Amino acid sequence: MAGTMGEAARHEADQTVPRGVSILGATGSIGASTLDVIARHPGQFRVAALTAHRNVAGLVALCVQHRPELAVIGDAALEGQLRTELQRADLRTRVGSGVPGLLEAAQCENAPVVVAAIVGAAGLPPTIAAARAGKRLLLANKEAIVCAGALLLEAVRAGGATLLPLDSEHNAIHQCLAGARSHAGVRRLILTASGGPFRVRQDLSQVTPEQACAHPNWQMGRKISVDSATLMNKGLEVIEASCLFGFARNQIDVVVHPQSVVHSMVEFGDGSVLAQMGTPDMRTPIAYALGFPERIESGSERLDFLRLSALTFEAPDLGRFPCLALAYRALESGPVASIVLNASNELAVEAFLARRLAFMAIAPVISESLEAVTCGAPQSVDEVLAIDELARVHARGVIVRRARAGFHPDS
Ligand code: NDP
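Residues numbered from 1 in each chain as written. Predicted model: local features only at pLDDT ≥ 70, side-chain atom pairs only at ≥ 80, totals over all residues. Heavy atoms only, no water.

**Side note on the pairing of strand β9 (residues 252-256)**
Using the following cut-off: The classification of residues rests on relative accessible area computed with a 1.4 Å probe and restricted to protein chains. Under 20% of the type maximum is buried, over 50% is exposed, and intermediate values are partly exposed. Secondary structure elements follow DSSP: runs of H or I no shorter than four residues count as helices, runs of E no shorter than two count as strands, and numbering proceeds from the N terminus. Pairing between strands is defined by DSSP: at least two bridges between the two strands are required.
Covered by surrounding structure in β9 are Ile252, Val254 and Val256 only, the residues Asp253 and Val255 on the alternate face being uncovered. Alignment of strand β8 (residues 186-193) against β9, held across five bridges, turns out to be parallel. Residue Thr192 lies in a different strand from β9, and its bridge partner there is Val255.

**Considerations on the site of the ligand**
Here is the rule: By convention in this text, a residue qualifies as near a molecule or strand provided that one of its non-hydrogen atoms is within 4 Å of it. Any pair of nitrogen or oxygen atoms within 3.5 Å is treated as a polar contact; in protein, a donor-acceptor pairing is required on top of that, and neighbouring residues in sequence qualify only through side-chain atoms on both sides. Here the accessible surface of atoms and residues is derived via Shrake-Rupley with a 1.4 Å probe, and residues count as covered only by protein chains that are part of the display.
Neighbouring the ligand are 23 residues; Thr27, His53, Arg54, Asn55 and Glu143 lie closest to it. Measuring from an oxygen atom of the ligand, one finds a backbone N or O atom of Ile30 at 2.9 Å. Between an oxygen atom of the ligand and a side-chain N or O atom of Glu143, the distance comes to 2.7 Å. When the free accessible area of the ligand is taken as 900 Å², the share hidden by the protein chains comes to 85%. Put simply, the parts of the chain that give the shell around the ligand at least two residues each are α2 (29-39) and α7 (142-159).

**Details of the pattern of salt bridges**
Just so we agree on the cut-off: One speaks of a salt bridge when a side-chain nitrogen belonging to Lys or Arg is within 4 Å of a carboxyl oxygen belonging to Asp or Glu.
Evaluation of the coordinates by the stated rule reveals 27 salt bridges. Asp75 serves as the salt-bridge partner of Arg54, at 3.0 Å between the closest nitrogen and oxygen. Placement of the pair is Arg54 in the loop between β2 (45-52) and α3 (56-66) and Asp75 in the loop between β3 (70-73) and α4 (79-88), with a sequence separation of 21 residues. Looking at Asp75, the relative accessible area reads 19%, which means it is buried. Close ionic contact of Arg401 with Glu368 constitutes a salt bridge, the shortest N to O distance being 2.8 Å. Note that Arg401 is positioned in helix α16 (residues 381-405) and Glu368 in helix α15 (residues 362-372), a separation of 33 residues in sequence. Sharing partners across several salt bridges, the network here consists of Lys142, Asp167, Glu169, Lys234 and Glu237.

**Details of the side chain of Ser97**
As for its position among the elements, Ser97 is in strand β4 (residues 94-97). A polar contact of 2.6 Å, which involves the side chain of Ser97, links it to the side chain of Glu79.

**Some thoughts on the nonpolar core**
Which entries qualify depends on this criterion: Only buried Ala, Val, Leu, Ile, Met, Phe, Trp, Tyr and Cys residues count toward a nonpolar core, and they belong to the same one when joined by side-chain atoms within 4.5 Å.
With 92 residues, the main nonpolar core has Leu189, Leu341, Phe359 and Ile362 as its most contacted residues. Top contributing element to this core by residue count: helix α14 (residues 335-353), with 12 residues. Counting 37 residues, the second-largest nonpolar core is a separate cluster that includes Ile23, Leu50, Val115 and Ile286.

**Looking at α14**
Residues spaced three or four apart along an α-helix point in a common direction, a consequence of the helix completing one turn every 3.6 residues. Heads up, the rule is: Here the expected length of a helix is defined as 1.5 Å per residue gap, with one fewer gap than residues.
Between its first and last C-alpha atoms α14 spans 27 Å; for 19 residues at 1.5 Å apiece the expected length is 27 Å, and the two agree. Here α14 lies mainly inside the structure; 17 of its 19 residues are buried. Arg355 lies just past α14 and shows a positive phi near 60°.

**Some thoughts on the packing of aromatic side chains**
The line we're drawing: Stacked, tilted and edge-to-face are the three classes assigned to paired rings of Phe, Tyr and Trp, where Trp is represented by its six-membered ring and a pair needs centres within 6.5 Å; plane angles under 30 degrees give stacked, over 60 edge-to-face, the rest tilted. Cation placement over rings: the criterion is NZ of Lys or CZ of Arg within 6 Å of the ring centroid and within 35° of the ring normal.
Per the counting criterion, the structure on display carries three aromatic pairs. Their ring planes at 85° and their centres at 5.3 Å tell us that Phe198 and Phe359 sit as a pair that is edge-to-face. Of the two residues, Phe198 is situated in the loop between β8 and α9 (209-213) and Phe359 in the loop between α14 and α15; the sequence distance between them amounts to 161 residues. Residue Phe198 is classed as buried on the basis of its relative accessible area of 2%. An aromatic cluster of at least three residues, connected via ring pairs, comprises Phe198, Phe352 and Phe359. Directly above the aromatic system of Tyr328 lies the positively charged group of Arg249, at a separation of 3.5 Å from the ring centroid.

Given below as C-alpha cells:
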C-alpha cells in the first residue's frame with residue numbers, strides 16, 4: 001500500500017483545522033455512510049466538494065445540509081438545473097459538471113482527503129487525478145483498481161498520495177497487515193464472502209432484480225448488490241487485493257462466511273491467522289481510513305460476542321457462481337482481461353437490472369467478451385478507457401443476442 005511522507009507531513013501540519021473532504025459519488029450508499037461519519041467529527045473534518053451523476057435533488061439536499069464549496073453533476077446536461085436549484089436554496093456553492101467537474105472535485109485544493117465512491121469504470125479518471133494530486137485517497141471504487149491497478153498505484157507513488165481501501169475486506173487486510181515489516185512472512189490472504197442472497201438457493205433461472213438486490217447483511221447500491229449475488233463482487237475483490245497488496249492468485253483464497261462478522265483474514269508463515277471483525281457497517285472501514293493512523297468513532301453498532309450464535313465458513317460454489325471463476329481467470333490472464341471482465345460485467349448487470357437479460361446470462365456475456373477481446377497491455381489511462389469501450393461494444397452485441405433469445409423476469 002503506497003503511503004508517503006508527503007501526505008503524512010501535510011496531515012501533521014493541518015491538524016488544528018478541520019480537513020476538507022471531497023466525496024465523489026456523494027449521493028450513493030458509500031457517500032451517505034461517509035457523510036454520517038464526518039458529521040460525528042465536525043472539529044476534524046468538513047465537506048469541501050460533493051458529486052453525483054444525475055441525482056440533482058439528492059445533491060442539492062446534501063449541499064443544503066453540508067455546505068460544500070463545490071458541487072458537481074456528472075451529467076453535464078443537468079448543470080443548469082443544479083445551478084438554478086442551488087440558487088433557489090440560497091447557496092453560493094460553485095458548480096461543475098461532466099468529466100472536467102469531476103476532475104476538479106478530485107483535485108480540489110481545499111480537500112486533502114478524497115473519497116472515491118463513484119460506481120464503475122466511470123470513476124477511474126477522477127480517482128487517478130486525486131492520486132496524482134497527492135490526496136489521502138479513500139478507495140471504494142473497486143472497478144477503478146480492477147481496470148487500471150498498476151497505473152493507479154503509479155499515480156499514487158508519483159503524486160505522493162496515500163491510498164487506503166474502503167472495501168471492508170481490503171480494509172480488514174490493511175488492518176491485519178499493520179505492523180508486518182514486510183509481506184515475506186505472509187502465507188495467504190483470506191477474503192470472506194457473505195455468499196449473497198442466493199447462497200443456498202439452487203434454481204437461479206427466475207431471479208428478479210429485487211431478489212438479487214436484497215442482500216442479507218449489507219445495504220448497498222444496486223450494482224454492487226447484483227455483483228454480490230453473482231459473486232462477481234468477490235472476484236473483483238480478488239483482483240483488487242492482488243493489486244493493492246502485491247500477492248499472486250495462489251496466495252488469495254475466498255471463504256464464504258454468511259454472518260459477515262469476520263471481514264477478512266491474513267495467515268502468516270508461523271501459523272498465526274489475524275482476522276478483523278465487527279458488525280457489517282461500512283462506517284467502520286470509512287472511520288478507519290478517515291482517522292488513520294488514529295481510531296475515531298464510526299457510529300456503528302458494537303459487536304456483542306454473547307449474541308453471536310456461530311461463525312461458520314464454507315467453500316464458494318464455483319459451479320453455481322461462475323463469475324468468481326471468470327475473475328480468477330482474468331487475474332491470471334493479465335490487465336486486458338480484467339478490463340474486459342469489468343466492462344462486460346457492468347453492462348450485463350445494467351441489462352439485468354433493466355430486465356433485458358436473465359440473471360443466469362450475466363456470466364456467459366462476460367465469458368464471451370473475455371474470449372473475443374484481446375490486445376496489448378495498456379500503458380495509459382486513455383488506453384484503458386479505449387479497451388473498456390471495445391469490451392462494451394462487444395458485450396452490448398452479446399446482450400442483444402441473448403436478450404432476443406431469452407427470458408425476462410417480470411417482478
Ligand atoms: P451507489 O449506486 O449507491 O452510488 C453510486 C454513486 O456514484 C452515486 O453518487 C452516483 O450518482 C454516482 N455515479 C454513478 N454513475 C456515475 C457516473 N457515470 N459518473 C459520475 N458519478 C456516477 O453505489 P455504492 O455507494 O454502493 O458503491 C460505490 C462504489 O463503492 C462501487 O464501486 C462499489 O463497488 C464500492 N463499494 C460499495 C460498498 C457499499 O457498501 N455500498 C462496499 C464496498 C465497495 P447518482 O446518485 O446521481 O446516480
